[in-house]
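Structural characterization, general
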Amino acid sequence: MRSSKRLHRTLSFARNPQIESLESRCMLSAVPPTVADVTLSSTAWDQAFLGYLETSGLGVDGYSIPVGSVGQSLPLPWSDLDQISITFSEDVDVQASDLSVTGVTNPTYAIDQFFYDPQAMRATWTLADPFAAADRLHLDLDGDGSDPVQDLDGNVLDGDWYDELSVYNSGNGSAGGDFEFRFNVLQGDHFTTGLVDYYDFYTTYYSVGRSTTDSGYNPMYDSDGDGLIEVSDWQAVATNLGTGVPVGTPLGAISDAPTTTGFDLTAITDRANETRISLHDAFADLEDGDAQLSYAIESQSDPSLYDSVAIDATAGELVLDAAATGSGRSQIVVSATDSHGIT
């Protein structure tokens, strides 16, 4: 719970009665924010399915991964999982770049969209592509570096976490420390044993026709999360028969992702000369120096404003060559990738 701020007002009186202007002083909270929940979901899931999860106590707007036991590692059996939601203990300043998602089957997962709800204190990242059918996943939420998650008083995230042991909320009582969290995905593993077998197949096959309103409906058998167990659900099991959770360590457990402070608004008034913006000042990495990071231009909202937009890898600079005519504002997105391949 976020600590409340107390407003103190001081009135001063002199022998010659005068009242000084009110002076407000704020007591800032020293309690760091923590992680209160991790939820997985899919943009393809039906509202009836999401409602069933919520009324069954399995999660709000998705499936809340169990913690404090081996339940954290039990494979998630659904297809098309492409959303990660993290709920905080208080309102925070969090950005899309604060989370890196890595795996074994797919070393890195790109973020396509990001949304933060300050009332729910929940941040949601939508992946560019769903998780692989079988993968070990690692979430790394930034609690250190150049621009970590922090609350509105400037306290940095207390994210310390021990998989299968820790329970919410995260942390060791001291500000600072990434929130690193692992879970597994194995499509069709409806009994969450770590292997898709005929027991998954036949149990799902004989549940066909049951919906969220029927007795005996099990959301773990509903592979696509549409609220109805149907032919496509047991076919999803058949497709993955014999598949297990891959062996290995997710890339993010080996190396931290680069962090970023972002860029300030830059006004270009000189069209005759290039405008250069330091990428070394904008990005940092715990393991790698500036020279070991590689940069890429991901997008620009109005390319017509420039004759060229490029990266000078030697100098570590974004180079903008403004067009001779035209005016407006363009948002340019740049990514940094470290020597381990984490962006």
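For the structure, see preceding data.
Now for a look at the structure at hand. For clarity, every value in this text was computed on a predicted model and none was experimentally measured.

A separate point is the side chain of Thr 337. When you line up the elements, Thr 337 lands in strand S20 (residues 332-337). Once residues lying within four places of it in the same chain are set aside, the contact partners of Thr 337 are Pro 258, Gln 292, Leu 293, Ser 294, Ile 342 and Thr 343.

The buried fraction of strand S7 (residues 99-103) amounts to 5 of the 5 residues, a majority that puts the element mostly inside the structure. Because side chains alternate across S7, one face comprises the buried residues Leu 99, Val 101 and Gly 103, and the other comprises Ser 100 and Thr 102, equally buried. With 5 bridges joining them, S7 and strand S11 (residues 134-141) adopt antiparallel strand pairing. Looking across to S11, one finds that Ser 100 is bridged to Asp 140. For S7 and strand S8 (residues 108-109), the ladder comprises 2 bridges, and the chain directions are antiparallel. Of the residues in S8, the one forming a bridge with Thr 102 is Thr 108.

A few words on the packing of aromatic side chains. Inspection of every chain in the model, using the stated rule, returns 22 aromatic pairs. Between Tyr 52 and Tyr 217, the aromatic rings sit 4.9 Å apart at their centres with planes inclined by 80°, giving edge-to-face as the arrangement. On the criterion of sequence distance, the pair formed by Tyr 52 in helix H1 (residues 47-55) and Tyr 217 in the loop between helix H2 (198-205) and helix H3 (231-239) is long-range, its members being 165 residues apart. When sorted by exposure, Tyr 52 lands in the same class as Tyr 217, which is buried. Among the aromatic side chains, those forming a connected cluster through ring pairs are Tyr 198, Phe 201, Tyr 202, Tyr 205, Tyr 206 and Trp 234.

There is a patch of nonpolar side chains on the surface, built from Tyr 198, Tyr 202, Tyr 205 and Tyr 206 and spanning about 520 Å² of accessible area. The class of Tyr 202 is partly exposed, set by a relative accessible area of 43%.

The strands making up a sheet are joined through hydrogen bonds of the backbone, oriented either antiparallel or parallel. If you walk across this open sheet you meet the 3 strands as S15-S19-S18, and the pairing is antiparallel. Strand pairing shows two members of the sheet lacking a second neighbour, strand S15 (275-278) and strand S18 (306-312), which therefore form its edges. The sheet shows a mean angle of 15° between the axes of neighbouring strands, taken without regard to direction. Summarising the sheet, S15 and strand S19 (residues 317-322) pair through 4 bridges and their orientation is antiparallel. From the neighbouring strand, Ile 277 faces S19, where its bridge partner is Leu 318.

Rules used throughout
- Residues numbered from 1 in each chain as written.
- Predicted model: local features only at pLDDT ≥ 70, side-chain atom pairs only at ≥ 80, totals over all residues.
- Heavy atoms only, no water.
- Helix = DSSP H or I, 4+ residues; strand = E, 2+ residues; numbered from the N terminus.
- Contact = heavy atoms within 4.5 Å.
- Buried < 20%, exposed > 50% of the residue type's maximum accessible area, 1.4 Å probe, protein only.
- Pairing = 2+ DSSP bridges.
- Phe/Tyr/Trp six-rings, centres within 6.5 Å; stacked < 30°, edge-to-face > 60°.
- Patch = residues over 30% accessible without salt bridge, like charges linked within 9 Å, V, L, I, M, F, W, Y side chains within 5 Å.
- Areas by Shrake-Rupley, 256 points an atom, 1.4 Å probe, with all protein chains shown as cover.
- Salt bridge = Lys/Arg side-chain N within 4 Å of Asp/Glu carboxyl O.
- Axes fitted to C-alpha atoms, helices over the stretch in contact; angles between N-to-C directions.

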